[in-house]
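The primary structure of each chain is shown beneath.
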Amino acid sequence: MQLTLEFGGGLELLCNSVKIHSVDVDHKVGEEKVQLTMKDLLAWVRKNLIKERPEMFMKGDSVRPGVLVLVNDCDWELSGQLDTILEEKDVVVFISTLHGG
């Protein structure tokens, strides 16, 4: 599944200072492809994109408090948070609202 992931507010520093990632997330259970949820995507991001200090991005299975998550410009709190089902070509944005000045 092709997705665009964007990191801002300092989170890009956890991904080798790259803000925008075009990724192909292959999500299968055994041989069967299943729907990709935000929970699945976050686990994939932790494993494949976050190069250091994943605790700055995630807490448990979700993002840390203070990280705004948008799926196609809509706050994920309106679409089910971890249960949000992602579709081909979706754009997921992660923005830290907690940063120094």
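Residues numbered from 1 in each chain as written. Predicted model: local features only at pLDDT ≥ 70, side-chain atom pairs only at ≥ 80, totals over all residues. Heavy atoms only, no water.

The name an unreviewed UniProt entry gives the protein is Ubiquitin-related modifier 1 homolog, with Heracleum sosnowskyi as the organism. UniProt lists a comment for the protein under the heading Pathway (unreviewed entry), and it reads "tRNA modification; 5-methoxycarbonylmethyl-2-thiouridine-tRNA biosynthesis." Of the comments in the UniProt record for the protein, the one headed Sequence similarities (unreviewed entry) reads "Belongs to the URM1 family." (UniProt positions renumbered as here; feature names shortened; annotations may be inferred.)

**Q** Help me get a handle on the environment of Leu70, residues and values and all.
**A** Following the sequence through the fold, Leu70 ends up in strand 8 (residues 67–71). In this structure, the C-alpha to C-alpha distance between Leu70 and Val93, residues 23 residues apart in sequence, is 5.0 Å. Apart from the residues lying within four places of it in its own chain, the contact partners of Leu70 are Asp75, Val91, Val92 and Val93. (Helix = DSSP H or I, 4+ residues; strand = E, 2+ residues; numbered from the N terminus. Contact = heavy atoms within 4.5 Å.)

**Q** Report on the layout of surface pockets, specifying residues and quantitative values.
**A** Volume-wise, the largest pocket comes out at about 250 Å³. What lines the largest pocket is a set of 13 residues, among which Leu11, Leu14, Met56, Ser96 and Leu98 lie closest to the centre. Broken down by class, the residue content of the lining of the largest pocket amounts to seven nonpolar, three polar and three charged. (1 Å grid on protein atoms, 1.4 Å probe; cavity = no way out; pocket = protein on both sides within 12 Å on 5 of 7 lines; lining within 4 Å. Points joined across faces, edges and corners; volume = space filled by probe spheres on them. Nonpolar A, V, L, I, M, F, W, Y, C, P; charged D, E, K, R; others polar.)

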